[in-house]
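Geometric and topological summary
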Amino acid sequence: MKDYFFQDTVGKPMDRVDGRQKVTGAAKYSAEYELPNMAHAVLVGSTIARGSIKSIDTKRAENAPGVLAVLHYQNSIKVPGYVQEAHPTEPKPAGKPLQVFIDNQIHFNDQPIAVVVADTLERAMYAAKLVKVQYNVEKHATDFHQNVSKAVLPTVAKRNPKHGLNDYVRGKEDAYKTEPLKIESEYVIPTEFHNPMELQSIIAHWEADNKLTVYDKTQAVIGTQNAFAKDWGIPVQNVKVIATYVGGAFGNGLHTWPHETAAIIAAKKVNRPVKLMLTREQMFTMVGYRPHAWQKVGMSATKDGKITAITHEAIGQTSSYEEFTESTLQQTRMMYTSPNVTTRYRILPLNVSTPIWMRGPGEATGAFALECALDEMAYVIGMDPLEFRLINHTDKDPEKNLPWSTKYLKEAMQMGAEKIGWRKRQLQPGMVKNGEWLVGYGMGVGTFGANRGRAKVKATLHKDGTLVMQSATTDIGPGTGTAMVQIAAQNLGLPPEKIVFELGSSLYPPSPSQGGSATVATVGSAVHAVCQVLKKRLTSMVAGNSDTSFKGATVENLTFKDGYVSLTASPSARLSFGDILKQQNLPELEVTEESSPDASLRQKYSMYSYSVHFAEVQVHPLTGQIRVTNMVSCADAGTIINAKTAGNQMIGGAVGGIGMALTEGAIMDHRFGRYVTKDLAEYHVPVHADAPNISSLFVNKPDLINNPNGTKGIGEIAIIGVAPAIANAIFNATGKRIRELPITPDKLMMV
Amino acid sequence: MPQDKFPDQHLPEGEGGQAQHSDARRTFLKQSSLLTALALAPPAALKAAELKFEEKVAAVFEQVKVTLGINGKKQKLSIEPRTTLLDLLREQLHLTGTKKGCDYGQCGACTVHVDGQRVLSCLTLAAMADGKEITTIEGLANGDKLHPMQEAFIKHDGFQCGYCTPGQIMSAVACIKEGHADSDDEIREYMSGNICRCGAYPNIVNAIKEVKNGGHKV
Ligand code: FES
Ligand code: FES
C-alpha cells in the first residue's frame, strides 16, 4: 500500500481494503454470526411440480430429538403483510412472488412447503427427512419446447403500449426477408444458475416482538429492510439487515426469497434466533436462475458490409405465478446502424420457479444470438467480422436518436484485436492448426446501460486525521469498499490508509441494491459529493482562523494532499486535517450527502458501457474437446477506479462466459419436472482447468456526463458477449456452427 | 461405553444414506437393545422411553468422545457420530473461516489440512479425525504475520467475494507441498477441486506461482 500513499489513487491497483479479512477467514458471511441459543432450520421441498398437498404428516419429525417446531401451511404463523403485491423495490411485475406456507398449492418441484427447526443442524437435517407429504398431483408443464406455442406478451407491455417490452419496429418490419444476402438462425440457451459459492443463508432474530434483525445474504440491504418491515407490519427502523460480506450472488440476492421469510417465521415461533442455510440442491430451485430462452435472428447486409435489416425475436421462460422479464433485445436495438430493426419479446409461463436477473441479465442472452448472427452474416458476405462490426458502428443511439455520453468501443476493439493476435485469424474455418488441434478466433460485443441511482454517504473526519464513511450498499465481490476508499482519497487528498468505508448495514444511509453495474457510479458519486463538502468546511475553517496565514482561502486556491491543506501559492503554510479540527475544538466533522443523477442530462444522452471479447480456442477434430486457450476482454467502462479489482471483475465475467458457452446448462427430467443437474457435480461451473490466461484491457477514458468520477459499470459487460465470442471461435476453428448452449463435444461431433 | 452398542457408527454414509443409516440404527436399537440400554440409562432416556420416543432414547446414547488437535490446540469434544468435521468447525467451534459451499465434496470451499494433507471437511466425519491434527485457515498465519500464500492472494487479488478463498488457500499450500505446482497447467489441474464462481482463477494461479517460485516455505 505504501506505493499509493498519495492523493492520486484513482486507477491504481490498490490491494483490497478487506483482503486480510478474506484470506484469514475473519470475514463473516451471513450464516457465520454467533448468537446465543441459536436454533437451526431446514426446509422441506415439494416432490411434485404441480398440484396440492393432500396431507402432511409431521409426527415423526416432531418427535425426533432436539426438534423445536415443524411448520407448514396448516400451522405456520401467518405473515401479516403477506398480501404484498411484489418486491417493493422493483417495478411491479404481473403475478406475485411465492408466499411461503400460505396454502397447499404447489407451483414447482422443490417448492418450500415446510420448515423443521431443531437445536442442532444435524437434528434439523435428520428430522426434515421424516416429514411425509401426500399430494393431489396435477399435470405439469415444464418442457419449454413442447409448450413454446403458449408464449405471451408480458402483461406490463400489454398494459402499456409505450413499454419497452412491446414489439419494436424501426424502418420496415422484417425487412431482411426480401433481401438477397441474408441469414436466419435460431439460438437456444438453457436455464443457467447463479450458484455463488456461498449458499443462500439467513439468521433471523426477533430482538423484541416487533423488532427484527437479520444477517442475510442479499445485494439489497435497504430493499430487504423495507420488504420485511412491510411483511411483518412493523416500522422500517425496527428491521435491521446486516450483509457485511456477501459470498457472491450474481443477481440472486437482488430481492427477498421464501426461505428468508421461512426463517423469520421459524424464529418468531420458537422465540430463538434461527439460522437457515439452503442446501446446494435448493440453490437450483429456490433463488432464481437465468431463464431458458429461444431466439431467432434474421439479418441482411450488402456485399460491402452494410447491415440492412435485423429481426430479433426472443422467448424467455417464467413461472406460472409471476412474470419475469428482462431486456434480451436491447443490444439489437441500439448497437448497429441497420436502418430496419424489428424485435419481438415473449415469455413462456411454466410450472417452474421464477427466474431472477443473472449477471448480464437478458443482454447476455440476447448478445449470444445477435453476436453469433453477426458472425454468420460476415461469413456469408466473406468479410472479417471485426471489419464488419466497425463498418456498422453507430456514432449515436439509433434507437433513441441521441448522442452517446461516451463511446470508445472502437478503441476497445483495436486494443483487443492487437492483444489476441487477430491477424492470425483466417476467413475460412479450419485453416489454422496447432499439431492435431484446430485453432479458431472469435469475437463478441457486449453492452449494458451505464446506470446510476441515488445514494447517500455519511462521512466523519476525526481529529486524528482518519475518515470513516458509511453507506448501506453491499459488496458481493467487486470490491466496493476499496473503490470508495480510492475515490475519497483522490477527492479529499487523504492517504487511503486513513480511510475506512463501512457498508452492508441498514443502519447506514441508504443506497440502492448492488445490481445493474451501478454501484460505483451511484455510491461513488455520493462519496465524491461528501468529499467536496468536507473540503469546503475545512476551507472555511482555515480561512476564518485567528492565525491569518490562510486568510482569503478558497477551495480553489488551496491544495488538499496527504491529509494536509496548504495554499497552492505558498505551500509552506500547511495544516493537517486533524489540526484544523483541533483548532476549532471539534472532535470530529460529520457530513452526510446525497447524490442523484441529473435527469435532464439523462434525457439528452444515451449512456452505455461497452465490452468486446476475443477468444482463441482449440478443438480436437476427433474428440470434439474444446479448450479456450486465450481470452482478451476489453472494456469502455469510463474511468477505472482500481485497475486490479476492475481487471479481476472482467476476468470473472470471462470465466462466467466460458461456463455459459461450454459447460453450464440445466437438464430437467420432464416426467417429474425436477432437475437432474442439481449439484456442482452435475451442473458444471468452470473450474481452474477451464480457465486460460485472460487479459483484461480498459480504454479508461472518463464519462463525466454520467457522473463526476467518470465511471461506467463493469459487472455485466464482463460477461455479455463472451459466449458468442467463444461460439464464433469454435466456428472459425471447425466450420461447425452450434447454436444451442452449452457447446459440448457431443454436439460438435454430431454435426 | 455407549457407542460400543452401535457398531455401524463409523461406516461411511452411502448415496442419500443419512436417513437410511439412521433409520437402521434406530430400528436396531428398538429391536435388540432397548432393555440393555434401559438398565444403564440416565433419567432423560428413561423419560423419553416412557413416552415411546425411540428417537429421543437413541439421542441420549449417540455421543462420541474425540480429541482433535485444532490449529495446534488439543480439544476434547463430545459429538454426534454423524457430525461432519465441517459442521463441527463451523457450528460448534465457531471456526467459520472454513466454508460450506456444497456439503458434498464438489466445491473445495471446506478444504482443511488433516495431518498436513488437504482434506474436504464436509466429507469427513468429525469422529474420523479423532487424534488428528487439523489446520484451518484461522491457523495458517503465524500470529499477525500472514502465511506467504495469504500475502500472495492479496497481492494478486486471487478472489472477489472471498467465500472460496480459505479453501483455495489451504488447497494451494498443499498443492505446492505435494509437488503439483510446477507449471500453470499443473496448478490448474491440481486446483480444479476448488471452485471459484467469481472466476478469479488466473489470479489464483499467479499467486500460487509466486509462492512456489519465491522459494517460500509453505
Ligand atoms: S463444502 Fe466440502 S467440497 Fe463443497
Ligand atoms: S472469490 Fe468468490 S467464489 Fe472465489
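Since this is a predicted model, take the numbers as computed values, not measurements.

Calculation rules
- Residues numbered from 1 in each chain as written.
- Chains lettered and ligands numbered in written order.
- Predicted model: local features only at pLDDT ≥ 70, side-chain atom pairs only at ≥ 80, totals over all residues.
- Heavy atoms only, no water.
- Helix = DSSP H or I, 4+ residues; strand = E, 2+ residues; numbered from the N terminus.
- Buried < 20%, exposed > 50% of the residue type's maximum accessible area, 1.4 Å probe, protein only.
- Contact = heavy atoms within 4.5 Å.
- Areas by Shrake-Rupley, 256 points an atom, 1.4 Å probe, with all protein chains shown as cover.
- Phe/Tyr/Trp six-rings, centres within 6.5 Å; stacked < 30°, edge-to-face > 60°.
- Buried area = accessible area lost by both parts, 1.4 Å probe.
- Salt bridge = Lys/Arg side-chain N within 4 Å of Asp/Glu carboxyl O.
- Domains from an automatic or database assignment.
- Pairing = 2+ DSSP bridges.

Attention now goes to the overall build of chain B. Helix and strand content of chain B: eight helices and five strands. When the helices and strands of chain B are listed from N to C terminus, the series reads α-α-α-β-β-α-β-β-β-α-α-α-α. Relative to its 218 residues, chain B shows a buried fraction of 56%. Across chain B, every contact between residues at least 6 apart in sequence was considered, and the portion connecting residues at least 24 apart equals 55%. Surface accessibility of chain B: about 9,300 Å² in total, with carbon and sulfur atoms responsible for 53%.

The next thing to look at is the packing of aromatic side chains. All names here are of chain A. Applying the stated criterion to the full structure yields 18 aromatic pairs over all chains. Ring centres of Phe284 and Tyr683 lie 5.6 Å apart, and the angle between their planes is 75 degrees; on these two criteria the pair is classed as edge-to-face. Of this pair, Phe284 sits in the loop between β12 (274–277) and β13 (293–301) while Tyr683 sits in the loop between β30 (674–675) and β31 (693–698), placing them 399 residues apart in sequence. In this pair, the class of Phe284 matches that of Tyr683, namely buried. Put simply, the rings of Phe193, Phe284, Tyr289, Tyr675 and Tyr683 touch in pairs and so form one group of aromatic residues.

Size of an interface, as often reported, equals the accessible area lost when the parts are brought together. Contact residues are listed per partner, giving 68 residues for chain A and 62 residues for chain B. For the pair chain A and chain B, the summed buried area comes to about 5,300 Å², and 56% of that belongs to carbon and sulfur atoms. Three residues, Val23, Met197 and His688 of chain A, lead the burial of chain A against chain B; their summed loss comes to 16% of the area buried on that side. At the boundary of chain A with chain B, the tally comes to six salt bridges. Of the charged contacts in the structure, one is a salt bridge between Glu91 of chain B and Lys275 of chain A, with a shortest N-O distance of 2.7 Å. For the side of chain A that touches chain B, the secondary-structure elements that each account for two or more residues are α1 (19–24), α2 (59–63), α3 (121–128), β12, α16 (643–663) and β31 of chain A. Among the elements that take part in the side of chain A that touches chain B, α16 of chain A stands out by supplying seven residues, more than any other.

Right, let's get into helix α4 (residues 85–92) of chain B. All names here are of chain B. A large share of α4 lies buried, amounting to seven of its eight residues. All buried positions along α4 are accounted for by Leu85, Leu86, Asp87, Leu88, Leu89, Arg90 and Glu91. One or two residues past the end of α4 sits His94, with phi positive at roughly 55 degrees.

On to the domain arrangement of chain A, then. Residues and elements named next belong to chain A. Taken domain by domain, chain A consists of domain 1 (33–138 + 197–248 + 253–284), domain 2 (150–191 + 289–451 + 603–750) and domain 3 (453–596). With centres defined by C-alpha atoms, the gap from domain 2 to domain 3 works out at 40 Å. Taken together, the contacts link 16 residues of domain 2 with 15 residues of domain 3. Of the roughly 1,200 Å² buried where domain 2 meets domain 3, counting both sides, 53% is carbon and sulfur surface. For domain 2, the biggest contributors to the area lost against domain 3 are Asn451, Ile641 and Asn709; these three give 42% of the whole.

Our next topic: the sheet that holds strand β2 (residues 51–57) of chain A. Residues and elements named next belong to chain A. Spatially, β4-β2-β6 is the arrangement adopted by the three strands of the open sheet, whose pairing is antiparallel. A single partner strand is all that each edge strand has here, and the edge strands are β4 (105–106) and β6 (132–137). When β2 meets β4, the two strands line up antiparallel, connected through two bridges. Looking at β4, one finds that Ser52 is bridged to Gln105.

Residues and elements named next belong to chain A. Tracing the sequence through the fold places Met335 in the loop between α8 (330–334) and β15 (340–350). Since its relative accessible area comes to 1%, Met335 is described here as buried. Once you skip the residues sitting within four places of it in the chain, Met335 turns out to touch Asn392, Thr394, Lys407, Leu409, Val445, Gly446, Thr447 and Tyr610.

Time to look at unusual backbone geometry. Cis geometry is found at the peptide bond from Leu741 of chain A to Pro742 of chain A, where omega equals -10 degrees. Structurally, Pro742 of chain A is set in the loop between α17 (722–734) and α18 (745–750). Phi is positive for Asn700 of chain A, close to 55 degrees, though the residue is something other than glycine. Position of Asn700 of chain A among the secondary structure elements: in the loop between β31 and α17. Looking at Asn700 of chain A, the relative accessible area reads 39%, which means it is partly exposed. Of note, His94 of chain B is a non-glycine position whose phi angle comes to about 55 degrees, a positive value. Tracing the sequence through the fold places His94 of chain B in the loop between α4 and β3 (111–114). Residue class for His94 of chain B comes out partly exposed when judged on its relative accessible area of 35%.

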